[in-house]
Amino acid sequence: MSAWQLAFLFVAGIGGGLTGSVAGLASLVWYPALLAVGLPPVIANVTNTVAMLGTTVGSVAGSRPELVGQGRTLLRLCLLTGVGGAAGGALLLLTPSDTFEVIVPWLIALASVLLVAAPRLRRWAERRAESSGTIRGATPLGPLTLVAAFGVALYGGYFGAAAGVMMLALLSVAWSQSLARSNAAKNLATGAANLVAAVVFAIVAPVNWAAVGVLAAGLLLGARIGPAIVRRVPATPLRIAIGLAGLGLAVSLWIQA
């Protein structure tokens, strides 16, 4: 890779880390950037998965205040998403991707709509829990939530575009807490899935390591800044902006497919 291509990927990494830690939409920035410097789609995908470890480190470091008190629940969630990420990575390496790529835009669009509607859906879930005698906020990890989280992690290990949006939408509906705390939990849960998938790809996939180095550095910097933005931006406009960005990504991927 030339010097300008590496510099371009570093800047794209900053943007991807910022959008990834805030909204789970790093793919709005990094995927077109990797394609722009000439990497084939599959190599771009596995290269990004390894580089995205920078986002996980940066966003978790920047989200420590929001992660307080969530340790036990997140440990269970991360163990599950780690298994899902491994399964998704294996699926990518073992099966053709054409059919799944056609489905991906619809999954992203659904997650974006779900995220925008999350407050109403959460109020509905709380009313259902109260009417059935369930303790409000007792645990966000019911059976349906666990199954859905595994599915998101599986998808994240396979392709990954907007997996963060899906996880944030899921946690926003299932968990009665602030958007900033759900966002921090999302970063850790998707990071666990990404970590395991990245290990798989690093061993057996055609990773472009030069791109990984500069992209990861940019992602680390951008992700470190992201949680501070989440703390200061009103939740409703941020939720709507994330949802609209996710719909835009869905349309873009649908056109490509």
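The shown structure was predicted, so the numbers you read here are calculated from the model rather than taken from an experiment. (Residues numbered from 1 in each chain as written. Predicted model: local features only at pLDDT ≥ 70, side-chain atom pairs only at ≥ 80, totals over all residues. Heavy atoms only, no water.)

A few points about the overall build of the protein
Move 1: The secondary structure content of the protein amounts to 13 helices and zero strands.
Move 2: Mapped in sequence order, the helices and strands of the protein form the string α-α-α-α-α-α-α-α-α-α-α-α-α.
Move 3: At a minimum sequence separation of 6, the contacts of the protein that also span at least 24 residues come to 84%.
Move 4: For the protein, the exposed area adds up to about 11600 Å²; of that, 72% sits on carbon and sulfur atoms. (Helix = DSSP H or I, 4+ residues; strand = E, 2+ residues; numbered from the N terminus. Contact = heavy atoms within 4.5 Å. Areas by Shrake-Rupley, 256 points an atom, 1.4 Å probe, with all protein chains shown as cover.)

Quick notes on the side chain of E66
Move 1: Along the chain, E66 falls in helix α5 (residues 64–67).
Move 2: On the accessibility criterion, E66 (10% relative accessible area) is buried.
Move 3: Leave out the neighbours within four places in its chain, and E66 touches A180, R181, A184 and R231. (Buried < 20%, exposed > 50% of the residue type's maximum accessible area, 1.4 Å probe, protein only.)

Concerning the nonpolar core
In globular proteins that are soluble, nonpolar side chains generally tend to be buried together.
Move 1: The biggest cluster of nonpolar side chains holds 56 residues, and the ones touching the most others in it are L34, L77, I108, Y155, F159, M167 and F201.
Move 2: Sort the elements by how many residues they give to this core and helix α10 (residues 163–174) lands first, with eight residues.
Move 3: In this structure F201 touches V46, T49, V50, G89, L92, L93, G157 and V207, once residues within four positions along its chain are discounted. (Core = buried A, V, L, I, M, F, W, Y, C linked by side-chain atoms within 4.5 Å.)

Looking at helix α9 (residues 143–158)
Given 3.6 residues per helical turn, the α-helix brings residues three or four places apart onto the same face.
Move 1: If you check α9, its first and last C-alpha atoms are 23 Å apart, about what 16 residues at 1.5 Å a residue would give, namely 22 Å.
Move 2: Those residues of α9 that sit buried are T145, A149, V152, A153, Y155, G156, G157 and Y158. (Expected span 1.5 Å × (residues − 1).)

Remarks on the confidence of the model for the protein
Move 1: Taken over all residues, the pLDDT of the protein has a mean of 80, while the share at 70 or more is 87%.
Move 2: Low pLDDT, under 50, characterises residues 133–138; the stretch is placed with four contacts to residues that sit more than four places away or in other chains. (pLDDT = per-residue confidence, 0-100.)

A short note on the packing of aromatic side chains
Two aromatic rings, taken as a pair, are described by how far apart their centres are and by the angle between their planes.
Move 1: Taken as a whole and assessed by the stated rule, the structure comprises one aromatic pair.
Move 2: Ring centres 6.4 Å apart and planes at 50 degrees place the aromatic pair W4 and F8 in the tilted group. Of the two residues, W4 and F8 both sit in helix α1 (residues 3–23), four residues apart, roughly one turn of that helix.
Move 3: The exposed category is assigned to W4, whose relative accessible area is 56%. (Phe/Tyr/Trp six-rings, centres within 6.5 Å; stacked < 30°, edge-to-face > 60°.)

A look at a nonpolar patch on the surface
Move 1: On the surface, a cluster of nonpolar side chains totalling about 460 Å² of accessible area is made up of F10, V11, L221, I225, I229 and V233.
Move 2: Of all the secondary-structure elements, those providing two or more residues to the nonpolar patch are α1 and α12 (209–232).
Move 3: Here the nonpolar patch gets three residues from one element, more than from any other, and that element is α12.
Move 4: Positionally, I229 belongs in helix α12. (Patch = residues over 30% accessible without salt bridge, like charges linked within 9 Å, V, L, I, M, F, W, Y side chains within 5 Å. Salt bridge = Lys/Arg side-chain N within 4 Å of Asp/Glu carboxyl O.)

Some points on the environment of A198
Move 1: Note that A198 resides in helix α11 (residues 179–204).
Move 2: In sequence terms A198 and L53 are 145 residues apart; their C-alpha atoms lie 7.9 Å from each other.
Move 3: Those residues in contact with A198 that lie beyond four places of it in its chain are T49, V50 and L53.

Structural notes on the environment of L244
Move 1: Mapped onto the fold, L244 is located in helix α13 (residues 235–256).
Move 2: Sequence separation of L244 and V113 is 131 residues, and the distance between their C-alpha atoms is 8.5 Å.

Describing the packing of helix α6 (residues 71–94) against α9
Move 1: Two numbers describe how α6 lies on α9: the axes approach to 6 Å, and their chain directions differ by 40 degrees. Of the possible angle classes, the one that applies to α6 and α9 is oblique. The handedness of the crossing between α6 and α9 comes out as right-handed. Between α6, through R76, L77, L80, T81, V83, G84, G85, A87, G88, G89, L91 and L92, and α9, the contact on the second element is made entirely by L146, A149, F150, A153, L154, G157 and Y158.
Move 2: Tallied by class, the residues present in the contact of α6 with α9 amount to 12 nonpolar, six polar and one charged. (Axes fitted to C-alpha atoms, helices over the stretch in contact; angles between N-to-C directions. Parallel < 35°, antiparallel > 145°, perpendicular 65-115°, else oblique. Left-handed = near helix turned anticlockwise from the far one by under 90°. Nonpolar A, V, L, I, M, F, W, Y, C, P; charged D, E, K, R; others polar.)

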